[in-house]
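Report on the structure
Listed below, chain by chain, are the residues.
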Amino acid sequence: IYQKNWSVGTGLDDQTNDIVRNATGPNLILAGEKFGEWKMLVISAENATEGNGSIPTPSANSEAAISVSLSLGDLWVLGTDRTNGASLSEWRIEKRNPTSLLLDTTWPSPSAGGFLVTTFGLGDNVPVDIESDSLSLYLLGSKFTGTDMAIRIEKREKANGNLDISWAGIGAIEIDK
């Protein structure tokens, strides 16, 4: 068994949210949080040794890396971003190098930086999962409607992060039942 604390400290503060296997590099990539900060870790399952550690958190507010997807050598991360305030959670999509965990600052084109923050809803929008194929990103989560939560599913173009408007007319489906 391999045990790794995200940072110095004690208590029930480490949380792992998702794991993906990278067959061409370090074997496992973990996403999670510690004390409200994004954390990711690359480890080798065979040697149980630590690869890379934590990554910068988008803001000083409580945030977490929620889900990871690996497609054609690209690591996609979905998490929370509270840059606009502690009570306003948006979805943050990142493209990272699967070995170094560094942001791919060539994405999204044309306004590169390695990440994209969605802005919709009236409050806490909660990301749940990200999946990818050769051309698209698929995001699942919830959107605060003002009185309750609605399920939100998005299809985005990998090249530029834009909603794929050929899917459902606007690139997103919301279900509020």
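All of the points below concern the structure found in this document. (Residues numbered from 1 in each chain as written. Predicted model: local features only at pLDDT ≥ 70, side-chain atom pairs only at ≥ 80, totals over all residues. Heavy atoms only, no water.)

Some details on the sheet that holds strand E11 (residues 149-157)
Spatially, E9-E10-E11-E12 is the arrangement adopted by the four strands of the open sheet, whose pairing is antiparallel. The open sheet is flanked by strand E9 (126-132) and strand E12 (172-175), the only strands paired with a single partner. The mean inter-strand angle of the sheet, taken between neighbouring strand axes irrespective of direction, is 15°. When E11 meets E12, the two strands line up antiparallel, connected through four bridges. Residue pairing across strands places Arg 152 opposite Glu 174, the latter belonging to E12. (Pairing = 2+ DSSP bridges. Helix = DSSP H or I, 4+ residues; strand = E, 2+ residues; numbered from the N terminus. Axes fitted to C-alpha atoms, helices over the stretch in contact; angles between N-to-C directions.)

Quick look at the sheet that holds strand E5 (residues 65-71)
Read across the sheet, four strands follow the order E5-E6-E7-E8 without closing on themselves; strand pairing throughout is antiparallel. Only two strands of the sheet have a single neighbouring strand rather than two, namely E5 and strand E8 (115-117). With direction set aside, neighbouring strand axes in the sheet form an average angle of 15°. Pairing analysis gives three bridges linking strand E7 (residues 90-96) to E8, with the strands arranged antiparallel. Across the sheet, Glu 94 pairs through a bridge with Phe 115, a residue of E8.

Some details on the pattern of salt bridges
A full pass over the atoms with the stated rule returns ten salt bridges. With a closest N to O distance of 2.7 Å, Glu 154 and Arg 156 form a salt bridge. By relative accessible area, Glu 154 is classed as buried at 0%. In this structure Arg 156 comes out as buried when scored by relative accessible area, which is 9%. Each member of the salt-bridge network shares a partner with another, and the members are Lys 143, Arg 152, Glu 154, Arg 156 and Glu 174. (Salt bridge = Lys/Arg side-chain N within 4 Å of Asp/Glu carboxyl O. Buried < 20%, exposed > 50% of the residue type's maximum accessible area, 1.4 Å probe, protein only.)

A short note on the packing of aromatic side chains
The full count for this structure, using the stated rule, is one aromatic pair. Both rings, one in Trp 76 and one in Trp 107, keep their centres 5.0 Å apart while their planes meet at 80°; by these two values the pair is edge-to-face. Within this pair, whereas Trp 76 is found in strand E6 (residues 74-81), its partner Trp 107 is found in the loop between E7 and E8, the two being separated by 31 residues in sequence. Take Trp 76 and Trp 107: they sit in the same class, and that class is buried. Sitting over the ring of Phe 115, Arg 92 keeps its end group 3.8 Å from the ring centre. (Phe/Tyr/Trp six-rings, centres within 6.5 Å; stacked < 30°, edge-to-face > 60°. Lys NZ or Arg CZ within 6 Å of the ring centre and 35° of its normal.)

Bear in mind that shape data such as this cannot, by itself, settle questions of function.
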